[in-house]
Protein chains: 2
Amino acid sequence: MSQPLLRRCMRDQIRDRLLERILEGTYAPGHRFVELDLAAEFQVSQSPVREALRELEVMGAVDSLRYKGTRVRSPNPVEMAEAYALRAILEQRSAELAVPCPPAVLDSLRADLVALHEAARDRDVARYSRHAFNFHRSIVVQSGNHLFLEIWENVQTRARLPFVAQHLSAELASCAADHDPILVALEKGEGASAGRLLRTFMESLLAKLPR
Amino acid sequence: MSQPLLRRCMRDQIRDRLLERILEGTYAPGHRFVELDLAAEFQVSQSPVREALRELEVMGAVDSLRYKGTRVRSPNPVEMAEAYALRAILEQRSAELAVPCPPAVLDSLRADLVALHEAARDRDVARYSRHAFNFHRSIVVQSGNHLFLEIWENVQTRARLPFVAQHLSAELASCAADHDPILVALEKGEGASAGRLLRTFMESLLAKLPR
DNA sequence: TGACGATTGATTATCGATAATCCATAATCT
DNA sequence: AGATTATGGATTATCGATAATCAATCGTCA
């Protein structure tokens, strides 16, 4: 088993590795990146590191100040609220476009929903986050609009699902339950209804966010 | 009163200049950027040019292939349709959030609308594009959601307004007329109605797009 | 002729070094 | 002391040069 590293250019590999670590929480919000330190770690020069950081900046994962460095963005309450407002309309419209859902997609949604309830019962925040992510993402994928998906994924770096799930850990069960009628509506092919439910759910989440 | 230009780093200035030119059509779709040529033009080295191009790539304005260069993305019919589908929901929701509109904002919308009709009468596609851009953008700004605005602007690089305006040059007058009731609704504070009109307009545009 | 591989010119990706700037702290002045 | 201005170390922004890769060309041989 070797490093699959040399297939793509350094810049891309570094960007992906850093993003991975940011989303996992390996680098806490506020963490400062020092370009030459990263260069040393990845055994490259400063240039590819810089370019990777620039891309992460446009993606909204980090924040750069001229001559003052690059830091992992903190989950800002206002920004998180904005992200959820965007998810609300994006997922509402996706559900409308997603019907009729092929059986395979419904199966996969069902599986995530089951896992969601289990995770909520076990207070397993990480597992909950993962399956909530999958559930909602699948609906956006099913919209067939690639741009929707790209934007939705981009917004995830701001929505900080694991962070929110942690914050709501006491109410995971009720959040999970909110997903049941969404799936039912999709099974019935009632896209508009599923969309309204998704939107309502997202807005209720928004109301519970830290401020 | 002096130019604040030297305050910002080269990379940012170059990125903005290139994006400007791409959106204006100075660089046609498919145009190939040669990093050292740009470096010579802007009197800088290759590095800031590269970083600017990387940012434009994440923004979706250009396309890069490893060792094969960076090109201005062509307006792909599918992608444009997706962009308009996104604008539709984004602007609909923005209008809902935008009311009540302060008088100053309504004034500026009125000014753009007047200019829009004039441009349509004169078949001045560039002017039409500019004011249509302003009109719609103002509504998104007025939503108060910064993320909406960021995404909306990002999508503009894909929606290629000038390109679409050119394509619809025969119908500019009727497109301009479609904007009148939107402004009326905003003036009355009827956000939901303005939103529906915007969405309908956007979807009618979508139907007229080249395929 | 025409498929194939080597050669070369052009361009990107990366490097190592330098200039510009920031921050904290020391030195200076009032 | 308190405020203000140098100074030094750390880090980013940019530079100029090199390595890696690609695309087109051309010569070779079946």
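Summarised in this report is the structure supplied together with it. (Residues numbered from 1 in each chain as written. Chains lettered and ligands numbered in written order. Predicted model: local features only at pLDDT ≥ 70, side-chain atom pairs only at ≥ 80, totals over all residues. Heavy atoms only, no water.)

1. Observations concerning the nonpolar core
The nonpolar side chains of a soluble globular protein tend to be buried, and buried together. Membership of the largest hydrophobic core comes to 97 residues, with the highest contact counts inside it found for Leu86 and Tyr128 of chain A together with Leu86 and Tyr128 of chain B. Discounting chain neighbours no more than four positions away, the residues touching Tyr128 of chain A are Leu116, Ala119, Ala120, Ala165, Leu172, Cys175, Ala176 and His179 of chain A. Leu19, Leu53, Leu56 and Ala61 of chain B belong to the second-largest nonpolar core, a separate cluster that totals 19 residues. (Core = buried A, V, L, I, M, F, W, Y, C linked by side-chain atoms within 4.5 Å. Buried < 20%, exposed > 50% of the residue type's maximum accessible area, 1.4 Å probe, protein only. Contact = heavy atoms within 4.5 Å.)

2. Here we look at the relation of the copies chain B and chain A
If you rotate chain B by 180 degrees and push it 0.2 Å along the axis, it lands on chain A with an RMSD of 0.7 Å. Interpreted geometrically, this transformation is the action of a two-fold axis. Of the residues that chain B buries at the interface, 97% are likewise interface residues in chain A, meaning the two copies contact each other through the same surface. (Least-squares fit on C-alpha atoms with pLDDT ≥ 70 in both.)

3. Things to note about helix α6 (residues 125-142) of chain B
All names here are of chain B. Helix length check: α6, at 18 residues, gives a terminal C-alpha distance of 26 Å against a target of 26 Å (1.5 Å per residue), a fit within 8%. Taken residue by residue, α6 has Val125, Tyr128, Ser129, His131, Ala132, Phe135, His136, Ser138, Ile139 and Val140 as its buried positions. Looking at the packing, one finds that the buried side of α6 touches α4 (77-98), α5 (103-122), α7 (146-159), α8 (161-167), α9 (172-187) and α10 (191-208). (Helix = DSSP H or I, 4+ residues; strand = E, 2+ residues; numbered from the N terminus. Expected span 1.5 Å × (residues − 1).)

4. Concerning the environment of Ala119 of chain B
All names here are of chain B. Mapped onto the elements of the fold, Ala119 is located in helix α5. For Ala119, a relative accessible area of 0% puts it in the buried group. With 57 residues separating them along the chain, Ala119 and Ala176 place their C-alpha atoms 9.1 Å apart.

5. Considering the protein's contact with DNA strand C
Not every one of the 23 residues close to DNA strand C is listed here, only the nearest: Met10, Ser45, Tyr67 and Lys68 of chain A together with Arg50 of chain B. Among atoms of DNA strand C positioned within 4 Å of the protein, sugar and phosphate together represent 75%. At 2.7 Å from a phosphate oxygen of DNA strand C is found a main-chain nitrogen or oxygen belonging to Met10 of chain A. One of the side-chain nitrogen or oxygen atoms of Arg32 of chain B is found 3.1 Å away from a sugar or linking oxygen of DNA strand C. Residue assignment for the surface near DNA strand C shows that the elements contributing at least two residues are α1 (10-24) and α3 (46-59) of chain A together with β1 (32-33), α2 (35-42) and α3 (46-58) of chain B. Grouping the constituent residues of the surface near DNA strand C by class yields nine nonpolar, six polar and eight charged. (Near = heavy atom within 4 Å. Polar contact = N/O pair within 3.5 Å; in protein donor to acceptor, adjacent residues only side chain to side chain. Nonpolar A, V, L, I, M, F, W, Y, C, P; charged D, E, K, R; others polar.)

6. Structural notes on the sheet that holds strand β3 (residues 69-72) of chain B
All names here are of chain B. The strand order across the open sheet built from three strands is β1-β3-β2, with neighbouring strands paired in antiparallel fashion. The open sheet has two free edges, formed respectively by β1 and β2 (62-65), since each of these has just one partner strand. Across two bridges, β1 lies against β3 in antiparallel orientation. Bridging across to β3, Phe33 finds its partner in Thr70. Contacting β1, β2 and β3, α3 crosses the sheet at an angle of about 115 degrees to β2. (Pairing = 2+ DSSP bridges. Axes fitted to C-alpha atoms, helices over the stretch in contact; angles between N-to-C directions.)

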